[in-house]
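Close look at the chain arrangement
In case you want the letters, here they are:
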Amino acid sequence: LWFYWQAGNYVREEVLSGFIRLVCHTAELQAYTAQRLYQALREDISQESLTLATVWILGEFADVMLQNAGSIDDGEEVKEIKDSDIVDLFQTVLDSPYANTLIRQWTIMALSKLAIRFAEANTATTSLQQERIREILAGYSEATELEIQQRAVEFGQLFTKADVVGGVLEHMPAPEIKATIMGTGKISLKVQ
């Protein structure tokens, strides 16, 4: 996480996807990473890679973070994060002058997933936050950016199909770890 904070907008796409893969394949990191990325993005919304990583991780693992609230102890003070805090942060991201089309697309997708994740986490304000998400999506259904408008309309329509929405927005399977020239990241050394 420190890497994203320090590297700013200079994180390459391969590093971002590798980071997301790592978190997806490591269940112990999911709640912790979601919480730390949430806190980092609240402090600095100007970094594209940090924003993309945060909205993707929260879109997938907000329910895990909400269910494990307060159980992460790494020596730092842990502030409880509520579902409304996450929606507030996403609204801030969408309204930010730093948000480009890619950030808005990822945020709208993650917001749509949050509506399902909040139901899975079964928080006290689930229905209120789901309604807020629907309102945010409806607001972007008339956006001047065609891609944003299209995504907002599609997700808005998806929510009207209760029998399908859960399956479409369920947790994504962990991305496959592909072997590269350098290997899969496991190093085997022979001592002679």
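Residues numbered from 1 in each chain as written. Predicted model: local features only at pLDDT ≥ 70, side-chain atom pairs only at ≥ 80, totals over all residues. Heavy atoms only, no water.

1. Overview of the overall build of the protein
A count of helical and extended segments in the protein gives nine helices and zero strands. Each helix and strand of the protein, ordered N terminal to C terminal, gives the series α-α-α-α-α-α-α-α-α. Relative to its full complement of 192 residues, the protein shows a buried share of 44%. Long-range pairs, those at least 24 residues apart, make up 67% of the contacts in the protein with a sequence separation of at least 6. Only carbon and sulfur atoms are counted for the fraction: they give 53% of the accessible area of the protein, which is about 11,100 Å². (Helix = DSSP H or I, 4+ residues; strand = E, 2+ residues; numbered from the N terminus. Buried < 20%, exposed > 50% of the residue type's maximum accessible area, 1.4 Å probe, protein only. Contact = heavy atoms within 4.5 Å. Areas by Shrake-Rupley, 256 points an atom, 1.4 Å probe, with all protein chains shown as cover.)

2. A short note on the pattern of salt bridges
Scanning the entire structure with this criterion turns up five salt bridges. Notably, a salt bridge pairs Glu60 with Lys113, separated by 2.3 Å at the nearest N-O pair. Of this pair, Glu60 sits in helix 4 (residues 48-67) while Lys113 sits in helix 6 (residues 101-121), and the two are 53 residues apart along the sequence. Salt bridges here are not isolated pairs; linked through shared partners, they connect Glu60, Lys113 and Arg117. (Salt bridge = Lys/Arg side-chain N within 4 Å of Asp/Glu carboxyl O.)

3. Some details on the packing of helix 3 (residues 27-43) against helix 5 (residues 83-95)
Contact geometry of helix 3 with helix 5 gives a least axis separation of 11 Å together with a crossing angle of 45°. Taken as axis vectors, helix 3 and helix 5 run oblique relative to one another. As for how helix 3 packs across helix 5, the hand of that crossing is left-handed. Residue-level inspection shows Tyr38, Leu41 and Arg42 of helix 3 in contact with helix 5, the latter providing Asp85, Ile86, Leu89 and Val93. Broken down by class, the residue content of the contact of helix 3 with helix 5 amounts to five nonpolar, no polar and two charged. (Axes fitted to C-alpha atoms, helices over the stretch in contact; angles between N-to-C directions. Parallel < 35°, antiparallel > 145°, perpendicular 65-115°, else oblique. Left-handed = near helix turned anticlockwise from the far one by under 90°. Nonpolar A, V, L, I, M, F, W, Y, C, P; charged D, E, K, R; others polar.)

4. Side note on the packing of aromatic side chains
Per the stated rule, a full pass over the model turns up zero aromatic pairs. Here Arg134 stacks its cationic end above the ring of Phe159, 5.3 Å away from the centre of that ring. (Phe/Tyr/Trp six-rings, centres within 6.5 Å; stacked < 30°, edge-to-face > 60°. Lys NZ or Arg CZ within 6 Å of the ring centre and 35° of its normal.)

5. Observations concerning the confidence of the model for the protein
For the protein, the mean per-residue pLDDT works out to 80, and 79% of the residues sit at or above 70. Per-element confidence in the protein ranges from a low mean pLDDT of 48 for helix 1 (residues 2-7) to a high of 94 for helix 5. Scored below 50 in pLDDT, residues 1-6 makes 20 contacts in the model with residues more than four places away or belonging to other chains. In the model, residues 180-192 has pLDDT below 50 throughout and makes three contacts with residues more than four positions away in sequence or in other chains. (pLDDT = per-residue confidence, 0-100.)

6. What to know about the environment of Thr54
Note that Thr54 resides in helix 4. Between the C-alpha atom of Thr54 and that of Trp106, which follows or precedes it by 52 residues, the distance is 9.9 Å. For Thr54, the residues in contact, after removing those within four places along its chain, are Leu37, Tyr38 and Leu41.

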